[in-house]
Amino acid sequence: MSNEIVGVIGIGILLVLILLRAPVGLSLLLIGFTGYSYLTRWDVGLAQLGMQTFNVASSYVLSVMPLFILMGMILSYSGLGKDLFDGVDRWFGHVRGGLAMATIGASAIFSAISGSANATTATVARVTLPEMKRYGYNPGLAASSVAAGGTLGILIPPSVALILYGVLTMEPIGPLLIAGLVPGILCMIVFILTIYFQVRKNPSLAPRSLAKASMRDQLKSIIPIWPFFLIFFISVGGIYFGIFTPTEAAGVGAFSAFIYTVLTKRLNWKKMKEAFDESARLTAMIFIILIGASLFGSFLAITKIPSTLSSLVAGLDVSPYVVLAMILGLYLILGLFLEGIAIQVLTLPIVYPLIIGLGFDGVWFAVMMVMMINIGLLTPPLGVLCYIIHGIDKTIPLEQIFKSVIPMLISMILITILFIIFPQIITFLPNLMQ
């Protein structure tokens, strides 16, 4: 068999393993090692396995990931989620549908410390769903606001998905993180507007406005959460202004979060242990995936599939935007069945060279890819965020959750089209860093 056919078979087997819910990292390791060894020699495959494992585990660049994860876990276990929601609620709660809007706002703020869509959704859902239920909100509207807000977790920095993209493509992580800031804020605003128009069209979705909090109460609501904003601006702002490298910013953020929670006594020993334990588990899982992805990428490289596809696409007499539309369509389809990390490690070794060859900006495409992954997080049959919400509140039927997120999905598709027409929305901040 030719190298290309072996590569296609390897990709097919990997896809089957992932669909069967086999661990992504181990699946990548198995296919990458077996394929590489088959095309070379088994001793060469073993040497490549050892080399890739060492390269990933000893990479200074990758130290940014566990540090940002630790920062998010410490602040998450400190109970900050409730304070965030209460604070935003004081400002928006008096508007019809205000609790749902406050849910989006709290999700956006929490996203800036978690870096994970799953963590953002789970944390915010536990706090906001009971409150919206208590005030008589339509369960579908409540669920859709939590689900949409959760997608901001991998868009607003520090995003684990954008960091992973940088590792897999060698794009600089600093500009990637900054690139998600404006799109994340724009998505937050559009989600809030979507809720506003929904409740305006159908007032029964949300109860009448609550009593408006006084300006004094609104300002007091900022007091418990101002250290969070300080930590965010020190770490992410430090990256933007060139004060810190991404790794240094992550270290400063994690240390600041630790000092904050200790001084305010927000974390007892048990919760601190749980935060460190969860950080270690998530970091280990991601590193196994990265080692597997690195070995799988080496396997694909010797099959020459990426270079062959790049040459094939370059020879097509079609607009680059036609190819881009096909790639984004592929991501939409994959998002129906695969989770975001699996999509990234499976496709980027092939897709990224195509995107660069077509003349598109790699940082811009990172945000586009995250938008596609986010759409997949809300669509059946996988729809991970919808399942998380249903798991937290089983009184909301899963079918109702999937139906209720349709307006949010339409909004996300429109935003994605806007990013294609005006790529500067994504790239202008990263370009200012250069």
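Residues numbered from 1 in each chain as written. Predicted model: local features only at pLDDT ≥ 70, side-chain atom pairs only at ≥ 80, totals over all residues. Heavy atoms only, no water.

- By the naming in an unreviewed UniProt entry, the protein chain goes by TRAP transporter large permease and is assigned to Alkalihalophilus pseudofirmus.
- We quote the UniProt Subcellular location (unreviewed entry) comment for the protein chain here in full: "Cell inner membrane". (UniProt positions renumbered as here; feature names shortened; annotations may be inferred.)

### Focus: the overall build of the protein chain
Reasoning step 1: Looking only at helices and strands, the protein chain features 23 helices and zero strands.
Reasoning step 2: With the C-alpha coordinates aligned to their principal axes, the bounding extent of the protein chain is approximately 70 × 45 × 45 Å.
Reasoning step 3: Buried positions account for 53% of the 434 residues belonging to the protein chain.
Reasoning step 4: Accessible area of the protein chain: about 18,800 Å², with a carbon and sulfur share of 70%. (Helix = DSSP H or I, 4+ residues; strand = E, 2+ residues; numbered from the N terminus. Buried < 20%, exposed > 50% of the residue type's maximum accessible area, 1.4 Å probe, protein only. Areas by Shrake-Rupley, 256 points an atom, 1.4 Å probe, with all protein chains shown as cover.)

### So, the environment of Leu80
Reasoning step 1: Structurally, the position occupied by Leu80 is in helix 5 (residues 80-92).
Reasoning step 2: For Leu80, a relative accessible area of 0% translates into the label buried.
Reasoning step 3: Sequence-wise, Leu80 and Ile225 are 145 residues apart; in three dimensions their C-alpha atoms are separated by 7.5 Å.

### So, helix 15 (residues 269-303)
Note: α-helices contain 3.6 residues per turn, so residues at a spacing of three or four share the same orientation.
Reasoning step 1: In this model, helix 15 (35 residues) spans 51 Å end to end at C-alpha, consistent with the 51 Å of a helix rising 1.5 Å per residue.
Reasoning step 2: Its side-chain oxygen 3.2 Å from the backbone nitrogen of Lys270, Asn268 forms the N-cap of helix 15.
Reasoning step 3: One or two positions beyond helix 15, positive phi appears at Lys304, with a value near 65°. (Expected span 1.5 Å × (residues − 1). Polar contact = N/O pair within 3.5 Å; in protein donor to acceptor, adjacent residues only side chain to side chain.)

### Some remarks on the nonpolar core
Reasoning step 1: Ranked by size, the top nonpolar core spans 147 residues in total, and within it Tyr331, Phe365 and Met371 carry the most contacts.
Reasoning step 2: Considering every element that reaches this core, the biggest residue donor is helix 19 (residues 362-378), with 14 residues.
Reasoning step 3: Not counting the four nearest positions on each side in its chain, Tyr331 is found in contact with Ile343, Thr347, Leu348, Val351, Phe365, Met369 and Met372. (Core = buried A, V, L, I, M, F, W, Y, C linked by side-chain atoms within 4.5 Å. Contact = heavy atoms within 4.5 Å.)

### Details of the layout of surface pockets
Reasoning step 1: Put simply, the largest pocket is a space of about 950 Å³.
Reasoning step 2: As for the largest pocket, its lining consists of 35 residues, of which Ser116, Ala117, Asn118, Ala119 and Leu282 are closest to the centre.
Reasoning step 3: Of all the secondary structure elements, the ones that give two or more residues to the lining of the largest pocket are helix 4 (64-77), helix 5, helix 7 (117-134), helix 9 (160-169), helix 15, helix 18 (340-357) and helix 19.
Reasoning step 4: A total of seven residues in the lining of the largest pocket trace back to one element, the largest contributor, which is helix 7. (1 Å grid on protein atoms, 1.4 Å probe; cavity = no way out; pocket = protein on both sides within 12 Å on 5 of 7 lines; lining within 4 Å. Points joined across faces, edges and corners; volume = space filled by probe spheres on them.)

### As for unusual backbone geometry
Reasoning step 1: Cis geometry is found at the peptide bond from Pro157 to Pro158, where omega equals 5°.
Reasoning step 2: Position of Pro158 relative to the elements: it lies in the loop between helix 8 (139-151) and helix 9.
Reasoning step 3: Positioned with a positive phi, Met170 is a non-glycine residue whose angle comes to about 70°.
Reasoning step 4: You can see Met170 is positioned in the loop between helix 9 and helix 10 (173-179).
Reasoning step 5: Here Met170 falls in the exposed class, since its relative accessible area comes to 70%.
Reasoning step 6: In this structure, Lys304 takes a positive phi of about 65° despite not being glycine.
Reasoning step 7: For Lys304, the position within the fold is in the loop between helix 15 and helix 16 (305-314).

### Quick notes on the side chain of Thr379
Reasoning step 1: Considering the arrangement of structural elements, one finds Thr379 in the loop between helix 19 and helix 20 (384-392).
Reasoning step 2: Using a relative accessible area of 11% as the deciding quantity, one classes Thr379 as buried.
Reasoning step 3: With residues near it in sequence (within four places) discarded, Thr379 still touches Gly335, Leu336, Phe402 and Leu409.

### Notes on helix 11 (residues 181-201)
Reasoning step 1: For helix 11, built from 21 residues, the straight-helix expectation of 30 Å at 1.5 Å per residue is met to within 8% by its first-to-last C-alpha distance of 30 Å.
Reasoning step 2: Those residues of helix 11 that fall on the buried side of the exposure criterion are Pro183, Gly184, Cys187, Phe191, Ile192, Thr194, Ile195, Gln198 and Val199.

### So, empty space enclosed by the protein
Reasoning step 1: Applying the stated criterion to the full structure yields one cavity of 30 Å³ or more.
Reasoning step 2: Secondary structure elements with two or more residues in the lining of the largest cavity: helix 4 and helix 9.
Reasoning step 3: A class-by-class count of the residues in the lining of the largest cavity yields six nonpolar, two polar and no charged. (Nonpolar A, V, L, I, M, F, W, Y, C, P; charged D, E, K, R; others polar.)

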